[in-house]
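# A closer look at the structure
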Amino acid sequence: MLADEVLVAGQWRQGRGAPIETVDPATGQVIATVRAASLEDVEEAAAAATRAAREPAWRELPAHLRARLLHRVADLVEQDADRLSALQTADTGKCRTETRALVLSAAGTFRYTAAALETAEDALTPARGPYLTMSVHEPIGVVGAITPWNSPIASDAQKLAPALAAGNAVLLKPAEWTPLVALALGRLVHQALTEAGLPTALLSVLPGRGSVIGDAIVRHPAVGKVTFTGGTETGRTLAHAAADKLIPVSLELGGKSPTIVLEDADLEQALAGVMYGIFSSSGQSCIAGSRLFVHRSRYEEFLGELVARTEKLRVGPGTDPDTQVAPLVHHRHRDSVAAYVDLARAEGATVRCGGAAPEGERYRDGAYYLPTVLDGLPNTARVCQEEIFGPVLVALPFEDEDDLVAQANDSVYGLACGIWTRDHARAWRLARRIDAGTAWINTYKQFSISTPFGGLKDSGIGTEKGRDLIRGYQRQKSLYWATDTTPLPWAAAH
């Protein structure tokens, strides 16, 4: 077994917490043991990060030189793409095609953020008197970033790149189940900082139990902003802690996203899109299209073909290039998904396909679950309302547009939606009526770092990505410069 170090206060060493075993979801075998961070490590990292963020070499570094640092990280990620991809597949179970795309996405995030940094501008505001008024942006100081297990390197980059671009130091807490790729990315950032002669304590990578290490990071007095991607209940707890400190928080949380097939949809296009929206990543995606709404006139036709194609999806390890549905991230998570399908049966659902772990020697030790399609339940059923985070699709018919919107919006979540239709005017109308931060029309799960991403309702607060992604990690300050020598009114009284 490989023992891996953690990054504390700019130094690579064994953490002082309990060991964490990371397991290959395809085989159930332990692939690494990481000595986790402790509360003492968090304290040391936060103190060092505070000092590093205040060092003139970093705080006063011109924007174009900070951008050069980000470009260097992107170079290192691209050069190491094969290893990072293989590491993420081993740690998460994901298909290699997906993990390679996530690695390259992370590199692209660093590059885009570098460009946004070099072209960011502060503003001269219209003066209302004999003075010059300016609005400028400054670093917050120390940022606490907590990332999920389902797409770690891409999520890490979406927080690290803008936080560093803004001039901050970062305490990064990766998910307990998947710490390896975050630690690998940390080594590349550490290398880039070292090469540039900058304080290496600007980044600490602190794996451990979220309820202990994540909570300690959020509550630490030095941390001036928290950014979190993960479950809604955990996000709500972190938001309360941030509110007690009166610090900003950005939360990208859960979803139960509707994907909608109108009566005029191109069925081939819709079938491929619906299947990709829920079964890619084995359904372990906050934006997974997990609620399928089909117009009643085409419901049985569409569902029958969907089930027939779903049964042919190839389930296997992420290392197999033929695999379409890889194992779930952990055996405990697989059991949680299975429990939801059992609940659906108890609520009266019809299991059209799947609904079990695959059989056979190839699957015996892995965290596999068959892609599953359920129907026969009302939208009020728990499996239609709660996030399952697995390859489980719940199908529901709708009568007309008002019925569709009412059902689609009857959810505590509002992260994403997909709309399949040939009628562009109707697509626009529905996209504006559905409660969702992102709407895809005749496509699904397409992303651009240049386009803001966030959720409504219980799906989160704030946005990531987009032209202004750096501003969320800065404080705004106003400056007034007098342009004449006229005394202020009180001066004349002396």
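Rules used in this analysis
Residues numbered from 1 in each chain as written. Predicted model: local features only at pLDDT ≥ 70, side-chain atom pairs only at ≥ 80, totals over all residues. Heavy atoms only, no water. UniProt positions renumbered as here; feature names shortened; annotations may be inferred. Helix = DSSP H or I, 4+ residues; strand = E, 2+ residues; numbered from the N terminus. Rg over C-alpha atoms; globule rule 2.2 N^0.38 Å. Buried < 20%, exposed > 50% of the residue type's maximum accessible area, 1.4 Å probe, protein only. Areas by Shrake-Rupley, 256 points an atom, 1.4 Å probe, with all protein chains shown as cover. Lys, Arg positive; Asp, Glu negative; His and termini not counted. Charge placed at Lys NZ, Arg CZ, Asp CG, Glu CD. Expected span 1.5 Å × (residues − 1). Salt bridge = Lys/Arg side-chain N within 4 Å of Asp/Glu carboxyl O. Contact = heavy atoms within 4.5 Å. Arc of directions from axis to C-beta. Disulfide = S-S within 2.5 Å. Core = buried A, V, L, I, M, F, W, Y, C linked by side-chain atoms within 4.5 Å. Phe/Tyr/Trp six-rings, centres within 6.5 Å; stacked < 30°, edge-to-face > 60°. Lys NZ or Arg CZ within 6 Å of the ring centre and 35° of its normal. Pairing = 2+ DSSP bridges. Axes fitted to C-alpha atoms, helices over the stretch in contact; angles between N-to-C directions.

An unreviewed UniProt entry lists the chain under the name Aldehyde dehydrogenase, from Streptomyces drozdowiczii. According to its UniProt record, the chain has this under Sequence similarities (unreviewed entry): "Belongs to the aldehyde dehydrogenase family."

### A few points about the overall build of the chain
Secondary structure assignment for the chain yields 15 helices and 25 strands. Compactness check: the chain gives a C-alpha radius of gyration of 24 Å against a globular reference of 23 Å for 494 residues, within 12% of the reference. Expressed along its principal axes, the backbone C-alpha trace of the chain runs to roughly 85 × 55 × 40 Å. Taking all 494 residues of the chain together, 57% fall into the buried category. Accessible area of the chain: about 20600 Å², with a carbon and sulfur share of 53%. Here the chain contributes 49 positively and 58 negatively charged side chains, and the mean placements of these two sets differ by 3 Å.

### Details of helix H1 (residues 39-54)
Along an α-helix, residues three or four positions apart point the same way, because every turn accommodates 3.6 residues. In this model, H1 (16 residues) spans 23 Å end to end at C-alpha, consistent with the 22 Å of a helix rising 1.5 Å per residue. Among the residues of H1, those classed as buried are Asp 41, Val 42, Ala 45, Ala 46, Ala 48, Ala 49, Thr 50, Ala 52 and Ala 53.

### Description of the side chain of Lys 465
You can see Lys 465 is positioned in the loop between strand S24 (463-464) and strand S25 (474-482). The side chain of Lys 465 sits in the buried core without any salt bridge; Glu 464 is the nearest counter-charge, 6.8 Å away. Not counting chain neighbours up to four residues away, the residues in contact with Lys 465 comprise Gln 158, Phe 447, Ser 448, Ile 449, Thr 451, Pro 452 and Phe 453.

### Some words on helix H15 (residues 424-433)
Among the residues of H15, those classed as buried are Arg 426, Ala 427, Leu 430 and Ala 431. Along H15, the residues classed as buried sweep out an arc of 135° about the axis, all on the same side. Opposite the packed face of H15, turned more than 90 degrees from it, sit the exposed residues Ala 425, Trp 428 and Arg 432. Summarising the contacts, the buried residues of H15 are in contact with helix H14 (401-409), strand S19 (416-420) and strand S20 (438-441).

### A word on the UniProt feature "domain: Aldehyde dehydrogenase" (unreviewed entry) in the chain
Under the feature "domain: Aldehyde dehydrogenase" (unreviewed entry), the UniProt entry names residues 12-478. The annotated region residues 12-478 carries 41% helix and 21% strand content, and the separation between its end C-alpha atoms amounts to 40 Å.

### Concerning the state of the cysteines
Tallying each qualifying case throughout the model produces zero disulfides. Cys 95 takes part in no disulfide bond, and the closest cysteine sulfur, belonging to Cys 353, lies 18 Å away. Look at Cys 95 and you get buried, because its relative accessible area is 10%. For Cys 384, which is in no disulfide, the shortest distance to another cysteine sulfur is to Cys 353 and amounts to 16 Å.

### Some points on the nonpolar core
Among the nonpolar cores identified, the biggest contains 85 residues, and Phe 110, Leu 171 and Leu 206 are the most heavily contacted of them. Here the element with the most residues in this core is helix H7 (residues 180-195); it accounts for 10 residues. Apart from residues lying up to four places away in sequence, Leu 171 is in contact with Ala 45, Ala 46, Ala 49, Val 142, Val 143, Gly 144, Ala 145, Ser 204, Leu 206, Ile 217 and Val 223. In terms of nonpolar packing, the next biggest core, distinct from the first, is built from 39 residues, Leu 267, Val 274, Val 329 and Phe 453 among them.

### Description of the environment of Lys 173
Mapped onto the fold, Lys 173 is located in strand S9 (residues 169-173). For Lys 173, a relative accessible area of 3% corresponds to the buried category. In sequence terms Lys 173 and Gly 208 are 35 residues apart; their C-alpha atoms lie 7.6 Å from each other. For Lys 173, the residues in contact, after removing those within four places along its chain, are Ala 145, Ile 146, Thr 147, Leu 206, Pro 207, Gly 208, Arg 209, Gly 210, Ile 213, Gly 214 and Ile 217.

### Observations regarding the packing of aromatic side chains
Aromatic rings considered in pairs are described by the distance between their centres and by the relative angle of their planes. Scanning the entire structure with this criterion turns up seven aromatic pairs. Their ring planes at 80° and their centres at 5.1 Å tell us that Tyr 363 and Tyr 368 sit as a pair that is edge-to-face. Both residues of the pair, Tyr 363 and Tyr 368, count as buried. Their ring planes at 85° and their centres at 5.7 Å tell us that Trp 440 and Phe 447 sit as a pair that is edge-to-face. The structure contains a cluster of three or more aromatic residues connected by ring pairs, namely Trp 440, Tyr 444, Phe 447 and Phe 453. One residue, Arg 187, lies across the ring of Trp 12, its end atom 3.9 Å from the ring centre.

### So, the sheet that holds S25
Taken in spatial order, the three strands of this open sheet run S6-S7-S25, and their pairing is antiparallel. Strands at the two margins of the open sheet, each flanked by one partner only, are strand S6 (123-125) and S25. In this sheet, neighbouring strand axes are inclined to one another by 30° on average, regardless of whether the strands run parallel or antiparallel. Taken together, the nine bridges between strand S7 (residues 131-139) and S25 define a ladder with antiparallel strand orientation. Its bridge partner lying in S25, Ser 135 is registered against Ser 478.

### Thoughts on the environment of Val 223
Relative to the elements of secondary structure, Val 223 occurs in strand S11 (residues 223-229). By relative accessible area, which is 1% here, Val 223 ends up buried. Remark: the alpha-carbon pair of Val 223 and Asp 24, spanning 199 residues in sequence, is separated by 33 Å. Apart from the residues lying within four places of it in its own chain, the contact partners of Val 223 are Val 142, Val 143, Gly 144, Leu 171, Ile 217, Lys 245 and Ile 247.

### Here's the deal with the sheet that holds S19
Taking strand neighbours across the sheet as the criterion, the seven strands line up as S15-S16-S17-S14-S13-S19-S20 in an open arrangement whose pairing is mixed. Only two strands of the sheet have a single neighbouring strand rather than two, namely strand S15 (350-353) and S20. Strand-to-strand twist in this sheet, taken as the mean axis angle between neighbours without regard to direction, amounts to 25°. The sheet contact formed by strand S16 (residues 372-375) and strand S17 (residues 392-398) spans three bridges and is parallel. Bridging from a neighbouring strand, Leu 374 pairs with Val 394 of S17.

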